[in-house]
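Here's the letter readout for the chains.
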Amino acid sequence: MCGIVGYVGNKENCVRVLIDGLEKLEYRGYDSAGIAFLNNDNIDVVKEKGKIVNLKSKIDLNINSNLGIGHTRWATHGNATKENAHPHKVGAITVVHNGIVENYNELKKDLINKGYVFNSETDTEVVAALIDYIYKKEKDMLKTIQKVKELLTGSYALGIICDDNLDTLYTLKNKSPLIIGVNENENYIASDVPAILDKTRNYIVLEDKDYASIKSDGVKIYHDGKEKDFEVKEFLYDANSVDKQGYEHFMLKEMNEQPEVFKNTTTPYLKNGIDSLIEKMPDFTKYERIRIVACGSATHAGLVGKCMIEKYANVEVMVETASEFRYKKQFLKNDELVIVVSQSGETADTLEALLIAKQNGNDTLGIVNAKGSTIARESKMVLYTEAGQEIAVATTKAYSAQVALLSLIALNLSCKKNLIDKKEMLDILRDVKKLPDYIEELLNRRDEYKKIAEEIKDYNDVFFIGRGVDYALAQEGSLKLKEISYTHSEAYAAGELKHGTISLIEDKTPVIAVITDDDIALKTISNVKEVKSRGANVICITNKNLSNDSNLYDKKIVIPKVNDLFEPLLTVIPLQMIAYELAKLKECSIDKPRNLAKSVTVE
Ligand code: G6P
């Protein structure tokens, strides 16, 4: 979490670069922000509580400066106060930090004994003091950073300025992402490329325990005391993706990109029918079992993938939450493929799960959106989702792309194992062509979603129910609703309701029932009747021709019927849109919901 940005150069106004960059990184944290910049031979530090606009209002954007670092915070150590906001300056050293330094307490005690006084509750101020202490002895920043690296445990991406070298930006990173943006006569650091995309598309990815000294005319990267070679990459995403392009929110824009994202993700694998599907994917037939590990919505995409792979490819799939997986007995078998799913490719728990699977000797596949991210680099095999840059904290298009790719894996395995007949394959290929239009048509039915949002806005609890793949989708619908509209909601396997939760159903309690799975629809309908007869206000999302029976439901959203394999990509649209319309009605901060961050780089 947290976003960091830094600049050294002669071309741009540093203060503006920092503020612009922080605005683009605000999805990583927005409870406080600050910058430190060179101003007439001094380092000035300005910080403020809350979003970047608060900080911006405190700063003269026309100050002439060539060097600076900035930070947008998602609090870990200490409350979201101005004192705890970064940058932290101790002695000659100013620091911004993304990550968690696990041994900061012992370091702090030691530094207090050495005479340091701390003004914040953060681990970052401790890092600044530690660097200052060692620098006073070493009088050489590179030697200092090399020593500091040995003393820190945990995750950190650091932007560092030293009062004695005001033409240089220093960095050090371990487990938290950091890139260096390179350009003529100027260079940048950032947590993520979008922060600097309007300045340069060329960037270097730092490896764990790398550190660098960056001047306006050059970058030097070191590892274990030795300078190392590096590769300058080019960022290939469309720069427009970091702009709202007329939409009221990034989330709305990103939902509306789903037809295109579906095409971009599936076309490479299906343009020549089965041939390209076989050719473009690794051979998965040798695995007896698949374990999908992820966090948040990516886990929900994994649950849809499980349904599809089990149904179409007859392979057992287990889905696990990465934060649980990493601290339990994993029971990984030799013939098991571990798939990690991640939009950012940086989620700390997912990355750790991947490393555990690798250490255990399992083959790993990363399903990743962010090209070249840590998870993409660490996975033995990678398949990229083609969702483009996603800015809204609540994922929509990246989730859909993950579902599409997992469904393609199911289809690939099914074809290779001769489990799918020609007719069904032709049906699927026909549906793939129609799907973008169907998604678009569903996105355009905003009046229907607004009416539902109106109906549920005064209720504190909303229940989502479904069975099989519909339960997996209900879980995503429920998560979307709570994360952006702050309305409490739960998703239940429809058959489980009567084992407790049904006691919460009162007159008009909203229940959103997902009924698409042919194999189990009748059973879900029975469960819908159970809640309806206890007074629930039932909204069905269905591809079935449900009779107009007011004893069964109060409202229905009918979605087109396509082959089961890609049906979830339609079902999820009303779920996303209801959450969006409710959040809008409640005037919530849709793109940046309270307490959340998009890229969760701490465990
Ligand atoms: C955060 C985001 C979610 C996302 C989850 C996993 O909680 O807000 O939208 O699903 O992290 O992120 P990843 O980048 O690994 O998909």
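Description of the structure in this document. Just so it is clear, the model here is predicted, and its values are computed rather than measured.

## Observations regarding the overall build of the protein
Here's step 1: Helix and strand counts for the protein come out as 18 helices and 25 strands.
Here's step 2: The C-alpha atoms of the protein give a radius of gyration of 25 Å, which matches the 25 Å a tight globule of 603 residues would have.
Here's step 3: Summarising its shape, the C-alpha atoms of the protein cover approximately 80 × 50 × 45 Å along the three principal directions.
Here's step 4: For the protein, with 603 residues in total, the buried portion stands at 60%.
Here's step 5: Considering only residue pairs separated by 6 or more positions, the protein has 71% of its internal contacts joining residues 24 or more positions apart.
Here's step 6: On the protein, roughly 23,500 Å² of surface is accessible, and the fraction owed to carbon and sulfur atoms is 45%.

## Observations regarding the site of the ligand
Here's step 1: By nearness alone, 13 residues border the ligand, and Ser297, Ser342, Gln343, Ser344 and Thr347 come closest of all.
Here's step 2: At a separation of 2.6 Å, an oxygen atom of the ligand approaches a polar side-chain atom of Ser344.
Here's step 3: Between the ligand and Val393 there is a distance of 3.2 Å, counted from an oxygen atom to a backbone nitrogen or oxygen.
Here's step 4: Here the ligand loses 89% of its free accessible area of 390 Å² to cover by the protein chains.
Here's step 5: With 3 residues, helix H9 (residues 296-313) is the single largest residue contributor to the shell around the ligand.
Here's step 6: Looking at the shell around the ligand, its residues break down into 5 nonpolar, 7 polar and 1 charged.

## Quick notes on the packing of helix H7 (residues 258-270) against helix H14 (residues 422-443)
When two helices pack together, their arrangement is given by the angle between the helix axes and by the axis-to-axis distance.
Here's step 1: In contact at an axis separation of 9 Å, H7 and H14 are set at 170 degrees when each is read in the N-to-C sense. On the basis of the axis angle, H7 is roughly antiparallel to H14. Contacts between H7 and H14 involve Gln258, Pro259, Phe262, Lys263, Thr266 and Leu270 from the former and Leu429, Val432, Leu435, Pro436, Ile439, Glu440 and Leu443 from the latter.
Here's step 2: When grouped by side-chain class, the residues that make up the contact of H7 with H14 number 9 nonpolar, 2 polar and 2 charged.

## A closer look at the pairing of strand S16 (residues 289-294)
Here's step 1: Summarising burial for S16: 6 of the 6 residues are buried, a large majority.
Here's step 2: Side chains Arg289, Arg291 and Val293 of S16 all project onto a buried face; the interleaved residues Ile290, Ile292 and Ala294 project onto the opposite face, where all are buried too.
Here's step 3: In this structure, S16 lies alongside strand S17 (residues 316-321), joined through 6 bridges in parallel fashion. From the neighbouring strand, Ile292 faces S17, where its bridge partner is Val319.
Here's step 4: In the classification by handedness, the crossover that spans S16, the intervening H9 and the parallel S17 is right-handed.
Here's step 5: Pairing geometry for S16 and strand S18 (residues 336-342), over 6 bridges, is parallel. Opposite Arg289, over in S18, you have Glu336 as the bridge partner.

## Here we look at the sheet that holds strand S23 (residues 510-515)
Here's step 1: Spatial strand order, S22-S21-S23-S24-S25: 5 strands in an open sheet with parallel pairing. Edge positions in the sheet fall to strand S22 (488-493) and strand S25 (555-558), since each has one partner strand and no second. Strand-to-strand twist of the sheet, defined as the mean angle between neighbouring strand axes without regard to direction, takes the value 20 degrees.
Here's step 2: The pairing of strand S21 (residues 461-466) with S22 spans 6 bridges and is classified as parallel. Along S22, the bridge assignment pairs Val462 with Ser489.
Here's step 3: Strands S21, S23, strand S24 (537-542) and S25 of the sheet are contacted by helix H15 (residues 446-456), whose axis makes an angle of about 150 degrees with S25.

## Examining the packing of aromatic side chains
Here's step 1: In this structure the tally under the stated criterion is 4 aromatic pairs.
Here's step 2: With centroids separated by 5.6 Å and ring planes inclined at 20 degrees, the aromatic side chains of Tyr211 and Tyr222 adopt a geometry described as stacked. A residue pair is termed long-range when its members are at least 10 positions apart, and Tyr211 in strand S12 (residues 210-215) and Tyr222 in strand S13 (residues 218-223) qualify at 11 residues. Just as Tyr211 is buried, Tyr222 falls in that class too.

## Examining the packing of H7 against helix H13 (residues 397-416)
Here's step 1: Contact pair H7 / H13: the axes reach a minimum separation of 9 Å and the direction vectors enclose 25 degrees. Accordingly, the angle class assigned to the pair H7 and H13 is roughly parallel. The interaxial crossing formed by H7 with H13 has right-handed handedness. Here Gln258, Val261, Phe262, Thr265, Thr266, Tyr269 and Leu270 of H7 lie close against H13, whose contacting residues are Lys397, Ser400, Ala401, Ala404, Leu405, Leu408 and Leu411.
Here's step 2: Looking at the contact of H7 with H13 residue by residue, the class counts come to 9 nonpolar, 4 polar and 1 charged.

## Observations regarding helix H11 (residues 348-359)
Here's step 1: Compared with an ideal rise of 1.5 Å per residue, which puts 12 residues at 16 Å, H11 spans 16 Å between its outermost C-alpha atoms and is within 8% of the ideal.
Here's step 2: Listing the buried residues of H11 in full gives Ala348, Asp349, Thr350, Leu351, Ala353, Leu354, Ile356 and Ala357.
Here's step 3: Trailing H11 by a residue or two, Gly361 shows a phi angle of about 90 degrees, which is positive.

## A look at the side chain of Ser414
Here's step 1: Counting through the fold element by element, Ser414 comes out in helix H13.
Here's step 2: Of the residues examined, Ser414 reaches a relative accessible area of 1% and is grouped as buried.
Here's step 3: With near-sequence residues (within four places) excluded, Ser414 lies in contact with Tyr312, Ala313, Leu419 and Ile420.

## Describing the side chain of Arg73
Here's step 1: With respect to the helices and strands, Arg73 occurs in strand S4 (residues 67-73).
Here's step 2: One buried charged residue, Arg73, remains without a salt bridge, the closest side chain of opposite sign being Asp31 at 4.5 Å.
Here's step 3: Among the polar contacts made by the side chain of Arg73, one reaches the main-chain carbonyl oxygen of Asn79 at a distance of 2.9 Å.

## Notes on the environment of Ser297
Here's step 1: Structurally, the position occupied by Ser297 is in helix H9.
Here's step 2: Relative accessible area serves as the criterion here: at 7%, Ser297 is assigned to the buried category.
Here's step 3: Separated by 98 residues in sequence, Ser297 and Thr395 have C-alpha atoms that sit 7.2 Å apart.

## Overview of the pattern of salt bridges
Here's step 1: Across all of its chains, the model carries 53 salt bridges by this definition.
Here's step 2: Across the pair Lys11 and Glu186 runs a salt bridge, and its minimum N-O distance is 4.0 Å. Linking Lys11 in the loop between strand S1 (3-9) and helix H1 (14-25) with Glu186 in strand S10 (residues 186-190), this pair joins segments that are 175 residues apart in sequence.
Here's step 3: Of the charged contacts, one joins Arg430 and Asp427 as a salt bridge, the two residues approaching to 3.3 Å between their closest N and O atoms.

## A short note on helix H16 (residues 469-485)
Here's step 1: Between the first and last C-alpha of H16 there are 24 Å, a value that for 17 residues agrees with the 24 Å anticipated at 1.5 Å per step.
Here's step 2: Taking burial as the measure, the 17 residues of H16 include 14 buried ones, the bulk of the element.
Here's step 3: Among the residues trailing H16, Tyr486 stands out with phi positive, at a value near 60 degrees.

## Quick word on the sheet that holds S10
Here's step 1: What the 8 strands build is an open sheet, ordered S3-S2-S4-S1-S10-S9-S11-S15; its pairing is antiparallel. One side of each edge strand has no neighbouring strand; the edge strands of this open sheet are strand S3 (42-49) and strand S15 (233-234).
Here's step 2: Strand direction decides the pairing type here: strand S2 (residues 32-39) and S3, joined by 8 bridges, are antiparallel. Pairing of Ala36 across the sheet is with Val45, part of S3.
Here's step 3: Relative to the sheet, H1 contacts S1, S2, S4 and S10, its axis offset from that of S1 by approximately 155 degrees.

Cut-off values and rules
Along each chain, the written sequence defines residue order, and numbers are assigned to residues from 1. A pLDDT threshold of at least 70 governs which residues receive local features in this predicted model, and a stricter bar of 80 or more applies before side-chain atom pairs are shown or counted, although totals over entire chains, interfaces and linings include all residues. Where side-chain values are given, they derive from all heavy atoms of the structure, hydrogens and water being excluded. To qualify as a helix, a DSSP run of H or I must reach at least 4 residues; to qualify as a strand, a run of E must reach at least 2; elements of each kind are numbered from the N terminus. Radius of gyration here uses only the C-alpha atoms, and the compact-globule reference equals 2.2 Å multiplied by the residue count raised to the power 0.38. Think of it in three bands: with a 1.4 Å probe and only protein chains considered, a residue is buried below 20% of the maximum accessible area for its type, exposed above 50%, and partly exposed in between. The contact definition used throughout considers only heavy atoms, calling two residues in contact when any of these lie within 4.5 Å. Calculation of accessible area relied on Shrake-Rupley with a 1.4 Å probe; when residues are assessed, cover is drawn exclusively from the protein chains displayed. Proximity criterion: a residue is near a molecule or strand once any of its heavy atoms comes within 4 Å of it. N or O atoms closer than or at 3.5 Å make up a polar contact, with two conditions inside protein: a donor-capable atom paired with an acceptor-capable one, and, for residues adjacent in sequence, both atoms drawn from side chains. Gly is put with the polar residues, along with every residue not named as nonpolar or charged; the nonpolar set is Ala, Val, Leu, Ile, Met, Phe, Trp, Tyr, Cys and Pro, and the charged set is Asp, Glu, Lys and Arg. Only the stretch in contact is used when fitting a helix axis, every axis being a line fitted to C-alpha atoms; angles between N-to-C directions are given from 0 to 180 degrees. By the definition adopted for this analysis, an angle is roughly parallel if under 35 degrees, roughly antiparallel if over 145, roughly perpendicular if from 65 to 115, and oblique otherwise. One requirement defines pairing of two strands: DSSP has to find at least two bridges between them. Viewed with both strands pointing away, a crossover whose connecting path from the first strand over the helix to the second turns clockwise is right-handed. Pairing of aromatic rings covers Phe, Tyr and the six-membered ring of Trp, with a centre-to-centre limit of 6.5 Å; geometry is then stacked below 30 degrees between planes, edge-to-face above 60, and tilted otherwise. Should the near helix be turned anticlockwise from the far one by less than a right angle, the crossing is left-handed, and should it be turned clockwise, the crossing is right-handed. A helix is expected to span 1.5 Å for every residue after the first. When charges are counted, neither His nor the chain ends are considered; positive counts come from Lys and Arg and negative counts from Asp and Glu. By convention in these notes, a salt bridge is any Lys or Arg side-chain nitrogen within 4 Å of a carboxyl oxygen on Asp or Glu.

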